[in-house]
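Listed below, chain by chain, are the residues.
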Amino acid sequence: MMEVLFYIASLVALSATALALTRSNATHALIYLILSLLAVAVVFFLLGAPFAAALEVLIYAGAIMVLFVFVIMMLNLGEAGDARERQWLTPRNWLVPGFMATLLFIELMLALSHTPDIVSGVAVEPKAVGLALFGPYVLAVEIASMLLLAGLVGAYHLGRRFIVRESEDD
Amino acid sequence: MGGLTVPLEHVLVLAALLFSFGLLGLMLRRNIIFMLMSLEVMLNAAALAFVAAGANWAQPDGQIVFLIILSVAAAEVAVGLGLVLQIQRRFKTLDMDTANRLRG
């Protein structure tokens, strides 16, 4: 049972990734990429890593993909027309991702209703992850926080408008 | 020893296939948004391999490396999308081949 769910989820992940990287429209690609990340989250859950699955949905499919959406929307501001917006919403563009997402949702419901016998081997609980994270791996937490601070400073530096800099160059 | 009902090799094959999709996308696409998406796919595939190994031996270490990869991906995408905005502002295109000269 768990094997079948795993193989369906991995097929969804592979096909969604292939479709995402072959689209010509960035917004359509983003839908398939989110779908691929959700499928990988289901794989994590089936592998007995519920904490990693939750973080995959929250941070990867949530926060990081929202950054992509924001940037794509910012770049499209000038040329966006009503016709293009309408073309983005044709059924052809959302039926396949919607079908795949429904498949993943049904899988998740099945997995949740059979948790004890469906999760492979022994599930690694969030408590064990937390204990290891703030025990032997506490240096990794510090390094990750410094990395995120560096990313924040770098993104702020790159993202602000270069008005001052350009007038200095002239 | 937890042991998976799915062979560990199959999960690793899935991770390798996802990684090669990301690598192919990175090499074939020239739109910088798609290149960043391919990088995300590759990081995600590496994280999948770590989580699978951690699940196979029922140890939390795999998920901790997943957390580190997650923060690397978040920092990378923030800086990368900042670069996308700068490139769009300077070159009026997202094609990477127009930005192949430094100090352009």
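Criteria and thresholds
- Residues numbered from 1 in each chain as written.
- Chains lettered and ligands numbered in written order.
- Predicted model: local features only at pLDDT ≥ 70, side-chain atom pairs only at ≥ 80, totals over all residues.
- Heavy atoms only, no water.
- Helix = DSSP H or I, 4+ residues; strand = E, 2+ residues; numbered from the N terminus.
- Buried < 20%, exposed > 50% of the residue type's maximum accessible area, 1.4 Å probe, protein only.
- Polar contact = N/O pair within 3.5 Å; in protein donor to acceptor, adjacent residues only side chain to side chain.
- Contact = heavy atoms within 4.5 Å.
- pLDDT = per-residue confidence, 0-100.
- Expected span 1.5 Å × (residues − 1).
- Phe/Tyr/Trp six-rings, centres within 6.5 Å; stacked < 30°, edge-to-face > 60°.
- Lys NZ or Arg CZ within 6 Å of the ring centre and 35° of its normal.
- Core = buried A, V, L, I, M, F, W, Y, C linked by side-chain atoms within 4.5 Å.
- 1 Å grid on protein atoms, 1.4 Å probe; cavity = no way out; pocket = protein on both sides within 12 Å on 5 of 7 lines; lining within 4 Å.
- Points joined across faces, edges and corners; volume = space filled by probe spheres on them.
- Axes fitted to C-alpha atoms, helices over the stretch in contact; angles between N-to-C directions.
- Parallel < 35°, antiparallel > 145°, perpendicular 65-115°, else oblique.
- Left-handed = near helix turned anticlockwise from the far one by under 90°.
- Nonpolar A, V, L, I, M, F, W, Y, C, P; charged D, E, K, R; others polar.

Undergrad: What is the right way to read the side chain of Thr17 of chain A from this model?
TA: Within the fold, Thr17 of chain A resides in helix 1 (residues 2–22). Note on Thr17 of chain A: relative accessible area 0%, which makes it buried. Polar contacts involving the side chain of Thr17 of chain A include one to the main-chain carbonyl oxygen of Ala13 of chain A, which spans 2.6 Å. The contacts of Thr17 of chain A, once residues within four sequence positions are left out, are Ser36 of chain A together with Leu18, Phe21 and Val41 of chain B.

Undergrad: Teacher, can you tell me more about the confidence of the model for chain B here?
TA: Detailed reading of predicted coordinates is not advised where the pLDDT is low. Residues and elements named next belong to chain B. Taken as a whole, chain B shows an average pLDDT of 87; of its residues, 94% reach a score of 70 or greater. Of all secondary-structure elements in chain B, the lowest mean pLDDT belongs to helix 3 (residues 61–91), at 90, while helix 1 (residues 8–28) reaches the highest, 93. Our summary of model confidence lists the complex with pTM equal to 0.85 and ipTM equal to 0.89.

Undergrad: How should helix 2 (residues 26–46) of chain A be read in this particular structure?
TA: Residue pairs three or four apart in sequence face the same way in an α-helix, which turns once every 3.6 residues. Residues and elements named next belong to chain A. Helix length check: helix 2 (21 residues) gives 30 Å between terminal C-alpha atoms against 30 Å at 1.5 Å per residue, within 8%. Taken across its 21 residues, helix 2 has 18 buried, putting it largely inside the fold. For helix 2, the capping residue at the N-terminal end is Asn25, with a side-chain oxygen 2.9 Å from the backbone nitrogen of Thr27. Positive backbone phi, approximately 90 degrees, marks Gly48, located one or two places after helix 2.

Undergrad: Honestly, the packing of aromatic side chains in this entry has me stumped. Any pointers?
TA: To describe a pair of aromatic rings, one takes the distance between the centres and the angle between the planes. A complete count under the given rule lists two aromatic pairs over all chains for this structure. Taking the centre distance of 5.2 Å and the plane angle of 70 degrees together, the rings of Phe6 of chain A and Tyr7 of chain A count as edge-to-face. Residue Phe6 of chain A is classed as buried on the basis of its relative accessible area, which comes to 1%. Tyr7 of chain A sits in the partly exposed class, given a relative accessible area of 34%. Its end group placed over the ring of Phe34 of chain B, Arg29 of chain B keeps NZ or CZ at 3.8 Å from the ring centre.

Undergrad: Would you mind going over the nonpolar core with me for this structure?
TA: As a rule of thumb, nonpolar side chains are buried together in soluble globular proteins. Core analysis: the biggest nonpolar cluster contains 75 residues, and Phe68 of chain A together with Ile33, Met37, Leu48 and Val84 of chain B have the highest contact counts within it. Of all the elements in the fold, those that place two or more residues in this core are helix 1, helix 2, helix 3 (50–75), helix 5 (91–113) and helix 7 (126–133) of chain A together with helix 1, helix 2 (32–56) and helix 3 of chain B. With 14 residues, helix 2 of chain A is the single largest residue contributor to this core. Not counting residues up to four positions away in its chain, the partners in contact with Phe68 of chain A are Leu30 of chain A together with Ile33, Leu36, Met37, Glu40, Val77 and Leu81 of chain B.

Undergrad: How should empty space enclosed by the protein be read in this particular structure?
TA: Unfilled space is identified by rolling a water-sized probe across the atoms. Inspection of the entire model under this criterion finds one cavity of 30 Å³ or more. Considering only enclosed or pocket space, the largest cavity measures out at about 50 Å³ in volume. As for the largest cavity, its lining consists of Thr17, Leu33, Ser36, Leu37 and Val40 of chain A together with Leu18, Glu40, Val41 and Asn44 of chain B. For the lining of the largest cavity, the elements supplying multiple residues, two or more each, are helix 2 of chain A together with helix 2 of chain B.

Undergrad: Explanation requested: the packing of helix 2 of chain A against helix 5 of chain A in the structure shown.
TA: Packed helices, taken two at a time, are described by their axes: the angle between them and the distance between them. Residues and elements named next belong to chain A. Between helix 2 and helix 5, whose axes approach to 10 Å, the crossing angle comes to 15 degrees. As judged from the angle between their axes, helix 2 and helix 5 are roughly parallel. The interaxial crossing formed by helix 2 with helix 5 has left-handed handedness. Between helix 2, through His28, Ile31, Tyr32, Leu35, Leu38, Ala39, Val42, Phe45 and Leu46, and helix 5, the contact on the second element is made entirely by Asn93, Val96, Pro97, Met100, Ala101, Leu104, Glu107, Leu108, Ala111 and Leu112. Looking at the contact of helix 2 with helix 5 residue by residue, the classes come out as 16 nonpolar, two polar and one charged.

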